[in-house]
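Overview (structure and organization)
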Amino acid sequence: MKPLLLAILVLFLLPGRAVPAEGPMSEATEACLGCHALSTPGIVADWKNSRHSRVTPKEGLAKPALERRVSAEKIDDPLGKTVVGCAECHTLNPGKHPDSFEHGGYNVHVVVSPQDCAVCHPIEKQQYDQNLMSRAHGNLVKNPVYLNLADTVNSVQKFGTMRTLPQPPDEQTNADSCLFCHGTEVKVKGFRKRETDQGPMKFPLLSNWPNQGVGRINPDGTPGACTPCHTRHGFSIETARKPYTCSTCHKGPDVPAYKVYEVSKHGNLFSSHQKDWDFNKVPWTVGKDYTAPTCAACHVSLLVNEGGDIIAERSHKMSDRLPWRLMGLIYSHPYPKSPDTSIIKNKAGLPLPTELTGEPAAQHLIDSKEMERRLKTLQNICLACHSSEWTGNHFKRLENTIRTTNEMTLAATKIVSTAWEKGVAKGLAQKDSPFNEYIEKKWVEQWLFYANSTRFASAMAGADYGVFAEGRWYLSRNIQEMLDHLHFLLKQQR
Amino acid sequence: MKPLLLAILVLFLLPGRAVPAEGPMSEATEACLGCHALSTPGIVADWKNSRHSRVTPKEGLAKPALERRVSAEKIDDPLGKTVVGCAECHTLNPGKHPDSFEHGGYNVHVVVSPQDCAVCHPIEKQQYDQNLMSRAHGNLVKNPVYLNLADTVNSVQKFGTMRTLPQPPDEQTNADSCLFCHGTEVKVKGFRKRETDQGPMKFPLLSNWPNQGVGRINPDGTPGACTPCHTRHGFSIETARKPYTCSTCHKGPDVPAYKVYEVSKHGNLFSSHQKDWDFNKVPWTVGKDYTAPTCAACHVSLLVNEGGDIIAERSHKMSDRLPWRLMGLIYSHPYPKSPDTSIIKNKAGLPLPTELTGEPAAQHLIDSKEMERRLKTLQNICLACHSSEWTGNHFKRLENTIRTTNEMTLAATKIVSTAWEKGVAKGLAQKDSPFNEYIEKKWVEQWLFYANSTRFASAMAGADYGVFAEGRWYLSRNIQEMLDHLHFLLKQQR
Amino acid sequence: MKPLLLAILVLFLLPGRAVPAEGPMSEATEACLGCHALSTPGIVADWKNSRHSRVTPKEGLAKPALERRVSAEKIDDPLGKTVVGCAECHTLNPGKHPDSFEHGGYNVHVVVSPQDCAVCHPIEKQQYDQNLMSRAHGNLVKNPVYLNLADTVNSVQKFGTMRTLPQPPDEQTNADSCLFCHGTEVKVKGFRKRETDQGPMKFPLLSNWPNQGVGRINPDGTPGACTPCHTRHGFSIETARKPYTCSTCHKGPDVPAYKVYEVSKHGNLFSSHQKDWDFNKVPWTVGKDYTAPTCAACHVSLLVNEGGDIIAERSHKMSDRLPWRLMGLIYSHPYPKSPDTSIIKNKAGLPLPTELTGEPAAQHLIDSKEMERRLKTLQNICLACHSSEWTGNHFKRLENTIRTTNEMTLAATKIVSTAWEKGVAKGLAQKDSPFNEYIEKKWVEQWLFYANSTRFASAMAGADYGVFAEGRWYLSRNIQEMLDHLHFLLKQQR
């Protein structure tokens, strides 16, 4: 066997290391690469390893329906006939991007937004637009209760005469904290000229930048970003399908999906056998390409069996497979109807999806019929490997957990309410933040950490996390700590 | 080189992706696959990738002694001559399974139990039967002290007039919490007919199902389950040998073996180099198949050196290599003699392996000679890579840690006892749960979380976990918190 | 294709599994292997898979400058012409090792120290010597404030009459706790004869052994160890470049670099795509060998672009790329000038790099010019993939986080100081440990856990860790708990 043959074999057998064979490139992209291969070699190499560098939209459109990764009906030339390079995205939709600037003879914008991606992926863009995550910025900052919670986390406290004095939170901290995942509002603050290897050049100055939050407000005004999951500049479906990607925002105790997944049997199989799976196949075939679900399998991907029958349609509106909102703020409840949750008001006039008693603000939430429909869609994925008895019982158990964790939140709410009523803490009725004193913070932990964690552990069958790690043990212990603390506060008052 | 040759090469070199070549199949299994390839494609594909689908018991029996995975002396036909398919396990031991039902012309049971596996793997079944884990259900629910602890974790608390009112824990929560790992009691509640793609069919209704706990009580009455580690339906030794499998139950702060392993040098080497190891070889050769131990290497697997000399015999009674019970309830102590720990009574009449002072309930625990024997078995594994000085000192350090952590538990026990004596908390002597008040819960954390974590960190050389993550820092801090809390309770009493 | 050819192909394509082709071996090493292949097969196999077993120093010296892994100008025979086997290291520098002993006809020492490694790797030894980590032992035990903190963590507390009585910490616990990572002082305590398979043999008895801490004091008096990162006996650059290695000491809440990395986009890409990276290449090419940085990429490795231009020079003085000391003890500050921080004294006379108010002990810390220089070196790595706007803003955000977390430490310091002043706790001024009471321990957590964690999350863009996991939420909540606790203590005093 000749060395050449051997070399070809190596390339063939180790696709991850293969030198990419780039497809036809636009002149503009060639111009970009001319400098950027030197100035930002990491980005260029990442793109060269990507599908975007090898397949033209036209070739993508020609695939059989189930294998298509582009959802546009039609992609006009010249865009269709070259691979998707730098210029194809960074010069799209001219006139719509306030962050556009003259750069090497081209009108380039920094922040590629969903409306750019939508030229080839319109259905995904549209679905994601209806997904809670695309509105994560506004859902936090336009809700005065949630914003107040964020402020009590992010503001610096000074110590005065036996009390603390919170300072207003600063923009940099917000961007480094909650808005890192929720998304910042990125605006053009101006332009700045600076020296480069190619002489002086002008660049836009962006506010709250960098940011890769899922609900980022882009300079062009669109909400949301595709790159938190389809990471630049490989935009790889493999990355998005691996749970590590979700973990960048879903590992903390408020929403510990990844930690629960890790200790679940599904996570165990992923960790043990992912080396034998194919994360790049479209559609994704159960038992062949993957043998246990990842986050994407249950919540996003197009799944089929080996016969090609569809098990689940692809949807970037994750809530299509989510009947409940497990992440209780402050109780768990049926999923909200609109991705924009800042419009919700409960009977008490608060911007919350439930009353403080746990009663759902029903007019803003999906009804039981819609819940049933979504549950069926989700269960269909379970049924590829589990019996209907197994599957049905699993979700009955989850419903029980939703009920019991909500009751444990109610008990904590009654304790903090007693503190407010008896004047040993100040809440909304006393025109103070309900989140800034110790007993209030323990109350927040009851629902934000322990009830949420217990529900995620139940939903994803990662019980080890839901008992002692951050679950029922703490739900129960926290109530006793709050109770003793209330008594100490009352004793002190006397 | 011809394309066919190339294809063969690919199959040969990437075994994980290889299309499985199934061996001779029974008619019954063929009938199962007829429908289930469509109705549960994930299970079928998983099995097709398994060793069970490729090797007949007879072929297994013919292997050289060290390479054998079946421990039966003899496996009769027809079982011996077909691969181990659906029907082979799900129709075994007819008449012994209350969950049997007529299904497509066969008498099928849902829950395959250790007595079914024992037809080919009798020694493993017998060993596991002597292993604490197989009794994890009864060891929890038949011990009134431990059960009370579980109840205080799992029951819903309501808030009444300045105090909390615990509700009785419900069955669903128990199954979703402690018993998820310990195992539920699965019984046939009845049968139900429902519509399927093949017309109406009758299925058994099982209590506390699904469950995959290590000490599950199966419908046929046998204790224990093989599938928590040898996951269905691949039953792969690779899965069982990877630490991810153990982590599904051993990651929480009560028994953080996996977290400690991760930060140990052994875990470091596993994480960095597992891609080059062979997890499927029997026997398992140190330095060749693996270069650092996983959980299975130290506690279960048959290990040899490259010359084929045995370093450790396989044992599914993990305690064969465990001198101490590190997981102190409430103190660490020599390993119990019987896997059924619910029979233990200390001098004070409590079902605990030590007195509340830490003194061991010696008659129920192994003696120093047996401890020495087990330690030698375990150390023999260390000695494949470490000097006897290194190895001996390591275990001396662990013994010191057992002593000091027990002393730190004693200090906490004295504080909570003072609270009971002075009437600011109610324990057993006051006919109340010793686990339901805040100061009592802090006491539980002292031994269940911090002392246990510190000991695991010491035993497995994962010191980073045993200092600030969940170890000595908290042991020391918790005593000070308990002390201050005791003073506050006393002040309040006045 | 012949079977032989196939076998060669397999070896060629799966290098990790390849049977190593050892190079020319010294007679002494052959003698070692004669017994140790049997007595410690794991070590021998590990070494056989290593580069040391295949490449002679002379061959290493002959490589092009950028590819060289040895930094010596010249390596004399006989050392240069044989592979680096057991004897080459364990008999080096005769006369300098108090742990030398006669063993099979050779004068062997147990603990190979940096001065041994320096024969081939002098620059790395010299750089590491200037690195804080090499002094981690003395920086802890020679600083009375830090040592007192360690003592309050490691000592056993007994419970007396309503108060706790700390016992002096024991040597075994220290070695199992802080000094596990910081390094113990290893000294020869004597020699012991014992029976072996080769008859009676004499071995040295070492104090505080085993230990693999980064700042270990070796029997030959040298500080530091190379093996915590370049793990015995593979000494693989692959191990050292993977973040798992760093995690063995940098995962706890005091310095959670690994946990932050895991949830960062860099960690996400590492976890998802490391299978396609080449961790063994020297130099390390961005975009080709790796597509996102690991710990080593940012802090140690020699990095180039595909054109061979140097992005970062290799340095084993990690602080060459570190302007700030993020791990605040008790505040974050500019990096110390000397690796030996036990020489630092602040204006108040305490061995701390800042005053208790946060003001830096400037004469012991690098100046702004040096900080700028180091920041530039670090940023050059970012710029391979990120724009200068992105990069600059990222570090501005970090500077803001350093400021705000220091302010949150100041608030906690004022609360604990108030407790000291008002006589409800005893600190340094009261001639007591400032770390042994509950309110003091909460103060420690403020800077050691929460402020540090928040800063690491900010520095490495792993925001999920810096909010609810162990970051700003706790910074804010802890101040409120300390405040309430102070009030309870004052109430109790009355």
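Attention now moves to the pairing of strand S2 (residues 106-109) of chain C. As a general feature of sheets, a regular strand has side chains that alternate between the two faces. All names here are of chain C. The pairing of strand S1 (residues 100-103) with S2 spans 4 bridges and is antiparallel. Pairing of Ser100 across the sheet is with His109, part of S2. Hairpin geometry of S1 and S2 is characterised by an intervening segment of 2 residues between the two adjacent antiparallel strands and by a positive phi of about 60° at Gly104.

What follows concerns the nonpolar core. Ala257 and Ile439 of chain A, Ala257, Ile415 and Ile439 of chain B together with Ala257 and Ile439 of chain C are the most contacted members of the largest nonpolar core, which totals 315 residues. Not counting chain neighbours up to four residues away, the residues in contact with Ile439 of chain A comprise Val416, Ala419, Ala425, Met482, His485, Leu486 and Leu489 of chain A.

Within a beta sheet, neighbouring strands are joined by backbone hydrogen bonds and run either parallel or antiparallel to one another. Residues and elements named next belong to chain A. Ordered by their spatial adjacency, 3 strands build an open sheet running S7-S8-S9, and the pairing between neighbours is mixed. Two strands lie at the open edges of the sheet, namely strand S7 (284-285) and strand S9 (310-312), each paired on one side alone. Of the strand pairs in this sheet, S7 and strand S8 (residues 303-304) are connected by 2 bridges, and their pairing is parallel. Its bridge partner lying in S8, Trp284 is registered against Leu303. Along the sheet, helix H17 (residues 368-382) contacts S8 and S9; its crossing angle with S9, the most-contacted strand, is approximately 120°.

This part covers the relation of the copies chain A and chain B. The relation between the two chain copies is a rotation about an axis coupled with a shift along that axis. If you rotate chain A by 120° and push it 0.0 Å along the axis, it lands on chain B with an RMSD of 0.0 Å. A rotation of that kind, with that shift, is consistent with a three-fold axis. Looking at the rotation axis and the C-alpha trace of chain A, the residue lying nearest is Phe488 of chain A, at 4.2 Å. A low fraction, 8%, of the interface residues of chain A reappear at the interface in chain B, so the copies pair through non-equivalent surfaces.

A separate point is the packing of helix H18 (residues 388-421) of chain C against helix H21 (residues 472-493) of chain C. Residue and element names in this part refer to chain C. The interhelical angle for the contact between H18 and H21, taken along N-to-C directions, is 10°, at an axis separation of 10 Å. Classified by the interaxial angle, the pair formed by H18 and H21 is roughly parallel. Residues Thr405, Met408, Ala411, Ala412, Ile415, Thr418 and Ala419 of H18 pack against Leu475, Asn478, Ile479, Met482, Leu483, Leu486 and Leu489 of H21. Of the residues that constitute the contact of H18 with H21, the class distribution is 11 nonpolar, 3 polar and no charged.

What follows is about the domain arrangement of chain A. As assigned here, chain A comprises domain 1 (22-71 + 82-90), domain 2 (92-143 + 169-228) and domain 3 (237-493). The centre of domain 1 of chain A, based on its C-alpha atoms, is set 38 Å off from the matching centre of domain 3 of chain A.

Our next topic: the interface of chain A and chain B. Each side of the interface is counted separately: chain A has 52 residues, and chain B has 53 residues. Among the elements of the structure, helix H1 (3-13), helix H15 (265-273), helix H18 (388-421), helix H20 (463-469) and helix H21 (472-493) of chain A are those that each provide at least two residues to the side of chain A that touches chain B. It is H18 of chain A that provides the largest number of residues to the side of chain A that touches chain B, a total of 13 residues. In terms of residue class, the side of chain A that touches chain B is built from 20 nonpolar, 17 polar and 15 charged.

The next thing to look at is the relation of the copies chain C and chain A. Turning chain C through 120° and shifting it by 0.0 Å along the axis lays it on chain A, with an RMSD of 0.0 Å. Looking at the interface residues of chain C, only 8% of them are also at the interface in chain A, so each copy uses its own face.

Moving on, we come to helix H19 (residues 438-459) of chain C. Residues and elements named next belong to chain C. Given a rise of 1.5 Å per residue, 22 residues ought to cover 32 Å, and the 30 Å separating the end C-alpha atoms of H19 matches this to within 8%. Of all the 22 residues making up H19, 22 are buried; the element is thus mostly covered by neighbouring parts of the structure. The first or second residue beyond H19 is Ala461, which carries a positive phi of 55°.

A few words on the interface of chain C and chain A. Taken together, the contact between chain C and chain A spans 52 residues of the former and 53 residues of the latter. For the side of chain C that touches chain A, the secondary-structure elements that each account for two or more residues are helix H1 (3-13), helix H15 (265-273), H18, helix H20 (463-469) and H21 of chain C. When residues of the side of chain C that touches chain A are assigned to their parent elements, the largest contribution, 13 residues, is made by H18 of chain C. Looking at side-chain class alone, the side of chain C that touches chain A contains 20 nonpolar, 17 polar and 15 charged residues.

Note the cis peptide between Val282 of chain A and Pro283 of chain A, where omega equals -5°. Secondary-structure assignment places Pro283 of chain A in the loop between H15 and S7. Positioned with a positive phi, Asn208 of chain C is a non-glycine residue whose angle comes to about 50°. Inspection of the secondary structure puts Asn208 of chain C in the loop between strand S6 (199-206) and helix H12 (237-241). Unlike most non-glycine residues, Phe235 of chain C shows phi in positive territory, near 50°. On the secondary structure map, Phe235 of chain C appears in the loop between S6 and H12.

Procedures and definitions
The written sequence of each chain sets the order in which its residues are numbered from 1. All chains are assigned letters beginning with A, and all ligands numbers beginning with 1, in the order in which they are written. Local features are withheld for residues below a pLDDT of 70 in this predicted model, meaning they are given only at 70 or higher, and side-chain atom pairs are given and counted only at 80 or more; totals for whole chains, interfaces and linings count all residues. If DSSP finds at least two bridges between two strands, the strands pair. Only DSSP runs of H or I with at least four residues qualify as helices, and only runs of E with at least two residues qualify as strands; both kinds are numbered from the N terminus onward. To define a nonpolar core, we join buried Ala, Val, Leu, Ile, Met, Phe, Trp, Tyr and Cys residues through C-beta atoms within 7 Å and take the resulting set. Remark: C-beta atoms are placed from the backbone, and a residue is labelled buried if 20 or more other C-beta atoms sit within 10 Å of its own, exposed if 12 or fewer do, or partly exposed between those counts. Note that contacts rest on C-beta atoms placed from the backbone: two residues are in contact if these are within 7 Å. To get an axis, a line is fitted to the C-alpha atoms, and for a helix only the part in contact is used. The angle between two axes follows their N-to-C directions and goes from 0 to 180 degrees. For the least-squares superposition of copies, only C-alpha atoms count, and only for residues with pLDDT at least 70 in both. Oblique is the label for every angle not falling under 35 degrees (roughly parallel), over 145 degrees (roughly antiparallel), or within 65 to 115 degrees (roughly perpendicular). Side-chain classes follow a simple rule in which Ala, Val, Leu, Ile, Met, Phe, Trp, Tyr, Cys and Pro form the nonpolar group, Asp, Glu, Lys and Arg form the charged group, and the remainder, Gly included, forms the polar group. The domain limits used here are those given by an automatic or database domain assignment. In this analysis, the expected span of each helix is defined as 1.5 Å times one less than the number of residues it contains.

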